[in-house]
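Commentary on secondary and tertiary structure
Each chain, written out:
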Amino acid sequence: MPQTVVRPSAVIVLAAGQGTRMKSATPKIMHAIGGRSLVGHALAAAQSLAPEHLVAVVRHERDRVAAHIEEAAADLGVMGLAIADQDEVPGTGRAVELGLAALPGDLEGTVVVTYGDVPLLTPETLQRLVAAHEADGNAVTVLTATLADATGYGRIVRDADGLVERIMEHKDALAHAEATGDSSYVEIAEVNSGIYAFDAALLRRTLPQLSTENVQGEKYLTDVLGMARAEGGRVASVGTDDVWEVEGANDRRQLSDLGRQLNERVLRRWMKDGVTVVDPSSTWVDVTVELAADVTLKPGTQLHGSTTVATGAVVGPDSTLVDTRVGERATVKRTDAAEAVIGDDATVGPFTYLRPGTVLGEEGKIGAFYETKKVTIGRGAKLSHLGYAGDAEIGEYTNIGCGNITANYDGVNKHRTVIGSHVRTGSNTVFIAPVTVGDGAYTGAAATVRQDVPAGALALNAVDQRNVAGWVVSRRVGTASAEAAQAAGAVGRGEATEAAQD
C-alpha cells in the first residue's frame, strides 16, 4: 500500500543568508548542482509535501533572490508562493517570525521550517518528519543526524525519557565548556539539522518572546523548544541515517561534494530502473533529465536540463546534451547538442555540434565535424561529414556531400535554404540562401548554387580544367616538388616549348 501523504499547513524556507564563504557575486542559494539551484532543490522538497502555503524568507540581494525563487517555483508548478523579507534583526528565530507573518493570521496545524541551502533533503524524510509530528501530537519535532564531526552544529540535549530537552548551539557549548570545564555538550554527536515541524499556534505565542541575549546576539529558533517544554508541550525528534540530507553548502568545496553526491544518487536511481551507466565517475545527469529503460550512457556523458533519452538509445562517449530529445535506438557520440531533436534510429557524431532548432528525422545521420542550426532533416537523410547546415530544410533520403554548407547570412539578415527529397549533392557544394533545390536534383562537385534548381536537374558551374605543363620545374626550382617532378620525367616550361619546336 502506498504511504498516505500528510499535508502540512505551511512550509517556510529560510533563504536570507549571504554565503560569504562562497566568495561569489552570486548569492549562495542560487548556486546550482544537478540542474537546479540550491534553493530550487529546497523548493522541490517542500512542494512534495503539497503544503497549503509556501513562504520563502529573503534578505541578501533581495530582489535578485526573490525573482530567482519565483522563477524556480514556477518551474516546479508551485502555486501561491509568498516572499517574506527578513529585517536587520539577526537569527533564524526572527526569520521564521517574519515568514509566519506572511501566512494567514488564523493558520492552524503544522508548519515545517527548512533551509534554502540543503539540496539533498528528500521528500521521504520530510514526510516522515511531518507524519511523526502529527501522529504523536508533538509541539515541536526536529530532524536530527549523528555526525562524526559535529563542529558548527547545535547539539541535541535529551531528558531522562529520551525526548528533546533543548538544543545547545555550538558556540554556546564551547562557551559552557570554557566556563565550567564540562565538555559533555561539545562531545554530543547527535545534531540539529535546523529542519523542524512546529505547531503553528506555538510559533505565534513564542516567536515574539525570543531574545538576542546569547553568544551570537541572534534570535535562536532553537529557544522555541525550551518554551514549548515549559508549556508542557512534547518535543521529539526524527532521525536520518543519511547525513548528506542535512549537509548545507557553505563554500565551493561543500558545493562540489554535494553535487557529486547528488549525481551518484541520480545515477543509482536510473541504473536501478534499467539504464546502463558504463562509468558513473565521468557521467553527469541532472535531476530534471528523463531516461528510459535500456538506455546506455558511455563515459564522459553529460545530460542537462529537460533532456530525454528514449529506449535503446546510446549516448556517448564524450557527449553533452542540453534540453535535447533523443529517440529510440538512436546513437549519439562525441556530440554537443542544445535544444535539438534526434529521431528514432538516427546517428549523430563524432565531433558534431547540434545548435538549437536542429531536428533530425528517423534513420537520419549527421556525421563527423558537422554543425547544424535551425534545420529540419527528413527521414533517412544524411549529412555525413565536414559541413554546416543552418536555417534550412532538407527532405527525406537526401544525401548531402562532404564539405557542403548553407551560406545563410548576408551580413544583415538570415535566409533559408530548402533542399528536397532524394537529392544528391557533390562535395564542397555551397548553397547561397535563399535558394530551393527540387526533389531528385543533383549538384556537381564544387558547385555554387545561387539560383533555384528544378526537380531532377543537375546544377553545374565549374570551369574546364587547365593544366600548365612544367610550371613546378620552372617556378619552384630547387624544391623537393621540382626534384620529384623532374625525376618523373617532367621538364620546365621553356624546355617543353623547345622540345615541341624540334
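Residues numbered from 1 in each chain as written. Predicted model: local features only at pLDDT ≥ 70, side-chain atom pairs only at ≥ 80, totals over all residues. Heavy atoms only, no water.

Before going further, it helps to spend a moment on the overall build of the protein. Assigned secondary structure in the protein consists of 11 helices and 37 strands. Scaling as 2.2 N^0.38, a compact globule of 502 residues should have a C-alpha radius of gyration of about 23 Å, whereas the protein reaches 34 Å, well beyond that. Taken along its principal axes, the extent of the C-alpha atoms in the protein is 125 × 50 × 45 Å. Taking the contacts inside the protein whose residues are at least 6 apart along the sequence as the reference set, 43% of them involve residues at least 24 apart. Carbon and sulfur atoms form 49% of the exposed surface of the protein, whose accessible area is close to 23,400 Å². Seen as two clouds, the 45 positive and the 64 negative side-chain charges of the protein have centres 6 Å apart. (Helix = DSSP H or I, 4+ residues; strand = E, 2+ residues; numbered from the N terminus. Rg over C-alpha atoms; globule rule 2.2 N^0.38 Å. Contact = heavy atoms within 4.5 Å. Areas by Shrake-Rupley, 256 points an atom, 1.4 Å probe, with all protein chains shown as cover. Lys, Arg positive; Asp, Glu negative; His and termini not counted. Charge placed at Lys NZ, Arg CZ, Asp CG, Glu CD.)

Here the focus is the confidence of the model for the protein. Do not read the predicted coordinates in detail wherever pLDDT is low. In this model, the protein carries an average pLDDT of 93, and 97% of its residues clear a pLDDT of 70 or more. For residues 496-502, every residue scores under 50 in pLDDT, and the model assigns this stretch one contact once sequence neighbours within four places are set aside. (pLDDT = per-residue confidence, 0-100.)

Here the focus is the packing of aromatic side chains. Pairs of aromatic rings are described using the distance from one ring centre to the other and the angle between the two planes. Tallied over the full model, the rule gives two aromatic pairs. Judged by centre distance (5.0 Å) and plane angle (35°), the ring pair of Tyr196 and Phe198 falls under tilted. For Tyr196, a relative accessible area of 1% puts it in the buried group. For the ring pair Phe351 and Phe369, a centre distance of 5.1 Å and an interplane angle of 15° mean the geometry is stacked. Placement of Phe351 in the loop between β24 (347-348) and β25 (352-354) and of Phe369 in strand β27 (residues 365-377) is noted, with a sequence separation of 18 residues between them. In this structure, Arg269 packs its charged tip against the face of Trp270, placed 4.5 Å from the ring centre. Above the ring of Tyr409, the side-chain terminus of Lys414 is found at 5.4 Å from the ring centroid. (Phe/Tyr/Trp six-rings, centres within 6.5 Å; stacked < 30°, edge-to-face > 60°. Buried < 20%, exposed > 50% of the residue type's maximum accessible area, 1.4 Å probe, protein only. Lys NZ or Arg CZ within 6 Å of the ring centre and 35° of its normal.)

Turning our attention to the pattern of salt bridges. On inspection of all chains with the given rule, the structure shows 22 salt bridges. For Glu231, the salt bridge identified is with Arg205, shortest N-O distance 2.7 Å. With a gap of 26 residues between them, Glu231 in the loop between α7 (223-230) and β11 (235-239) and Arg205 in helix α6 (residues 200-206) connect regions that are remote in the sequence. Overall, the relative accessible area of 44% leaves Glu231 in the partly exposed class. Where salt bridges share partners, they join Asp87, Arg94, Glu97 and Lys219 into one cluster. (Salt bridge = Lys/Arg side-chain N within 4 Å of Asp/Glu carboxyl O.)

This part takes up the packing of helix α1 (residues 38-47) against helix α2 (residues 62-75). Where α1 meets α2, the axes come as close as 10 Å, and the angle between the chain directions of the two elements is 45°. Comparing the axis directions of α1 and α2 gives the class oblique. Both α1 and α2 take part in a crossing whose hand is right-handed. Contact with α1, carried on its side by Val39, Gly40 and Leu43, involves His68, Ile69, Ala72 and Ala73 of α2 and no other residues of that element. Split by residue class, the contact of α1 with α2 holds five nonpolar, two polar and no charged. (Axes fitted to C-alpha atoms, helices over the stretch in contact; angles between N-to-C directions. Parallel < 35°, antiparallel > 145°, perpendicular 65-115°, else oblique. Left-handed = near helix turned anticlockwise from the far one by under 90°. Nonpolar A, V, L, I, M, F, W, Y, C, P; charged D, E, K, R; others polar.)

This part takes up the pairing of strand β6 (residues 110-115). Most of β6 is tucked away: six of the six residues are buried. Residue alternation in β6 divides its side chains into two sets, Thr110, Val112 and Thr114 and Val111, Val113 and Tyr115, and both sets are buried. When strand β1 (residues 10-14) meets β6, the two strands line up parallel, connected through five bridges. In the sheet register, Val11 faces β6, and the bridge partner there is Val112. (Pairing = 2+ DSSP bridges.)

Its place among the elements puts Glu124 in helix α4 (residues 123-135). Classification of Glu124 by relative accessible area gives exposed; the value is 55%.

Bringing helix α3 (residues 92-101) into the picture now. Across the 10 residues that make up α3, a large majority, eight, are buried. Every buried residue of α3 is listed here: Gly93, Arg94, Ala95, Val96, Glu97, Leu98, Gly99 and Leu100. Residues of α3 that are buried make contact with β1, β4 (53-58), β5 (81-85), β6 and α6.

This part is about the environment of Gly420. Within the secondary structure, Gly420 sits in the loop between β31 (417-419) and β32 (424-425). Note on Gly420: relative accessible area 11%, which makes it buried. C-alpha of Gly420 to C-alpha of Glu396: the two residues are 24 residues apart in sequence and 7.4 Å apart in space. Beyond its immediate stretch of four places on either side in the chain, Gly420 contacts Gly395, Thr398, Val437, Gly438 and Asp439.

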